[in-house]
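# Inside the fold
Here is how the chains run, residue by residue.
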Amino acid sequence: MLPTINALLHTKALNLRLVVPEPDSKALDTTVAWVHSSDLDDPTPFLDPGQLLLTDGTQFPVNHAGTEKYENYVKRLVEHGICGLGFATQVIHGVLPEGLETACREQGLPLLEVPDRTPFIAIIRCVADWLAKEQNARSEWSLQAQRSIARAALRPDGLRSILAELERQLQCWVALFDAAGNHILMPSSRPVPSDLMPVVEAAVLRALEQGARSVAQLTVEDQQITLQTLGRRHNLRGVLALGAIEPLDPARTDIINSVIALASLALEQTRTLDTARRHLRSGVFEQMLSGNTDVAARTARQVWGRLPSEPVIVTVARPPQQGQNLLEALELLSDDHRGAVFYAQRGENVVVLANHVHQKKVEAVLGRYGATAGTSAQTDFEALPRGLKEGERSLARANELSRPVVAFAEVAGGGMLGLLQRQEAESVARRLVEPLLRHDDVEQSQLLPTVAAWLENNCVWDRTARQLGVHRHTLRNRIDAAGSILGLNLDGLRDRLELFTALQFLDVAEGHPER
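Residues numbered from 1 in each chain as written. Predicted model: local features only at pLDDT ≥ 70, side-chain atom pairs only at ≥ 80, totals over all residues. Heavy atoms only, no water.

### A few points about the overall build of the protein
Each helix and strand counted, the protein has 18 helices and 15 strands in total. Considering the protein as a whole, with its 515 residues, one finds that 46% of them fall into the buried category. By sequence separation, contacts in the protein at least 24 residues apart represent 64% of the contacts at least 6 residues apart. Looking at the protein as shown, the accessible area adds up to about 26,900 Å², and 51% of this sits on carbon and sulfur atoms. (Helix = DSSP H or I, 4+ residues; strand = E, 2+ residues; numbered from the N terminus. Buried < 20%, exposed > 50% of the residue type's maximum accessible area, 1.4 Å probe, protein only. Contact = heavy atoms within 4.5 Å. Areas by Shrake-Rupley, 256 points an atom, 1.4 Å probe, with all protein chains shown as cover.)

This is the structure we're talking about:
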C-alpha cells in the first residue's frame, strides 16, 4: 500500500497536525509519490506532480504579508499537481500565516503543520521506507505471480492455463487472437464485454496488418485496453488483449512480459505442429487422388475426423503473398465443421473439399483473405482427379478475368472453344491458315472457302458439292490440295478438328477471312 497524506497524519512519530481540509475529506487519501523541501517562491520547476512539499516559510515575510502572495504561491502548487503542503512552525514563523491557510482552504490544497520537533528528513525517510516496503511487496507479488504462471504453463492445456492465471493475477479480462485476427475462445470468468469486441477486433487487425511487434493502448468507454502482438516481425502469431486493467507498473509489466514469452513459445510450438499436420493433409489428399480413398479416410478419421460426404465441390485457390493467415483460417473452419470441410496444400495452391452446404463459408474465408479461386462441379471421390482439373481450369479463368471466384459451370458453358477463347488464339489460327490465304491470293482460287464449307457440312462430300455447285471429284481434289498446302492430313479426325477450330477464330464471311 502506497503512503497517503492520511497515513502520514496517523504516524505518531511525525506529530503532524491537519489544518486544511476537514478530516473526512477524500483529498487526504491522495497518494504521496515523494517528499521534497524547498523555500523558493516558485519551487515547481524542481517538483513532480503527486509530491508533498515541505517549507519553513523563509520565502514569506515574518510580518504581515498580502494575501495575493499566498494566493499566487498556492495556485502554482495546485496547478502543478502538488498533493499537499507541510509548513514548519517555530522555525521562521511562530504560527501558520493566516493568508496561507486561507489560500489553501479556498484552492483545496491540503495543509499540514510540522512542529519544530519533527525534522523534514524524518518525514522524507518515513515516505522513502514506505515506498521501499511497497516496492518490495510488489516485487514479491510479481515473483509469486510469475511462478504461478510458469506452473500453469506445465499443464496439458498450457496456453489456456497461462491466460487464466494472468486474468486471475491482474484482475482483468484477457483475450487471445490468432494470426488471422480470429478470437480464440477460452474458458474465462471475465469475458470481453460484447459492446467492446468490434472495436478490439478492428484494432487487432490493424496491429496484424503492420506485421511488426508493437504495443497499443486504447481507451474505449473509459476502459483502458492494451494490445500486445505475439511472435516475430513479419511472422506474427497473434495478439494478446488486456482490458479493465490498472495502470501498468513495473510489477504488472513483468508479469505481462512473462506471459507474452510463454504464449509466444506455445504458439510457435502450435505452428510447428500445424505445419506437420498440413504435410499430413497433403499426403492424405494425394492418396485420394491415387484412388486410395480407404487409406485416406482412415488417416483423416484418426487426426481430423471423417472426410466430407460425397459429392464434394473441389475449390482450387491461389493464396495471396501472406498466405499463412489463410491457412490458419481454413484450419479453424475445418475444426469448426469437422467432417464437412477438408483442405490441403498442393504446390502453390490450396485445395478445399466441401459439400454444397458449406461451400459458401469456404468462399467467404477465401474472399476475406484475398485469395483467387476456381470451383469444380460436384464430384465424387472416384472422379476427384477430374474435379481437380476443373478447379484448376476455373482458377486459370478467374486469373484471366481478375475475378475472385469462377465456377466451372461458367467455363464449361463456352464448350471446348470457350476454354480456348483467348486473345492469342486468333493469331495462332491465322498462322495456321496463312499458307492457304496466300495461295488463294496468288492463284485466284477458292480453296479456303471450299474447306470452310466442307467442314461446316460435317465433311459430307455430296452435300458440300451441291452447295458449291461443283462435281464431287472436283471438291475432293480441292480438299486434297488444301491439305497439302497446309501440311495437314484432312483424311484424319485430328487434323480436321485442328483446321475447324482455327477457322472458328477467323471471319470467313464472303468466302475469305479478313486479313
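### As for the packing of aromatic side chains
Counting across every chain of the model gives three aromatic pairs. Both rings, one in F60 and one in Y70, keep their centres 4.8 Å apart while their planes meet at 45°; by these two values the pair is tilted. Pair noted here: F60 is in the loop between β3 (51-55) and α2 (67-80) and Y70 is in helix α2, with a separation of ten residues, a long-range link. The exposure classification of F60 matches that of Y70, with both residues buried. Pairing F60 with Y73 gives two aromatic rings, centres 5.0 Å apart and planes at 85°, and the pair type is edge-to-face. A residue pair is termed long-range when its members are at least 10 positions apart, and F60 in the loop between β3 and α2 and Y73 in helix α2 qualify at 13 residues. Taking the relative accessible area as the measure of exposure, F60 reaches 3% and is therefore buried. Classification of Y73 as buried rests on a relative accessible area of 1%. (Phe/Tyr/Trp six-rings, centres within 6.5 Å; stacked < 30°, edge-to-face > 60°.)

### Structural notes on unusual backbone geometry
Here the amide bond leading from V20 into P21 is cis, since omega sits at 0°, within 30 degrees of zero. A cis amide bond links E310 to the next residue, P311, at an omega of -5°. Assignment of secondary structure puts P311 in the loop between α8 (293-303) and β11 (313-318). Look at N15: it is not a glycine, yet its phi comes out positive at around 55°. Relative to the helices and strands, N15 resides in the loop between α1 (5-9) and β1 (17-20). In this structure, N458 is a non-glycine residue whose phi angle is positive, near 60°. With respect to the helices and strands, N458 occurs in the loop between α15 (447-456) and α16 (461-468). Given a relative accessible area of 61%, N458 falls into the exposed group.

### Description of the side chain of Q51
Inspection of the secondary structure puts Q51 in strand β3. Assessed through its relative accessible area of 8%, Q51 is described here as buried. Among the polar contacts made by the side chain of Q51, one reaches the main-chain amide nitrogen of D48 at a distance of 3.2 Å. (Polar contact = N/O pair within 3.5 Å; in protein donor to acceptor, adjacent residues only side chain to side chain.)

### What about the sheet that holds strand β15 (residues 405-407)?
The strand order across the open sheet built from five strands is β12-β13-β11-β14-β15, with neighbouring strands paired in mixed fashion. A single partner strand is all that each edge strand has here, and the edge strands are β12 (341-346) and β15. Averaged over all neighbouring strand pairs, the angle between strand axes comes to 20°, with direction disregarded. Of the strand pairs in this sheet, β11 and strand β14 (residues 372-375) are connected by four bridges, and their pairing is antiparallel. For V316, the partnering residue across the bridge sits in β14 and is G374. Packing against the sheet, helix α11 (residues 384-401) makes contact with β11, β12, β13 (349-354), β14 and β15, and its axis sits at approximately 135° to β14. (Pairing = 2+ DSSP bridges. Axes fitted to C-alpha atoms, helices over the stretch in contact; angles between N-to-C directions.)

### With respect to the pairing of strand β6 (residues 173-178)
The element β6 is largely enclosed, with a buried count of six among its six residues. Residue alternation in β6 divides its side chains into two sets, W173, A175 and F177 and V174, L176 and D178, and both sets are buried. Sheet topology places β6 next to strand β10 (residues 235-243); six bridges connect them, and they run antiparallel. Among the inter-strand pairings, V174 is bridged to a residue of β10, identified as L242. One ladder, built from two bridges, connects β6 with strand β7 (residues 183-184); its direction is antiparallel. Note on β7: the bridge partner recorded for F177 is H183. Counting the residues that bridge the hairpin from β6 to β7 gives four residues, and of these G181 lies at a positive phi of roughly 85°.

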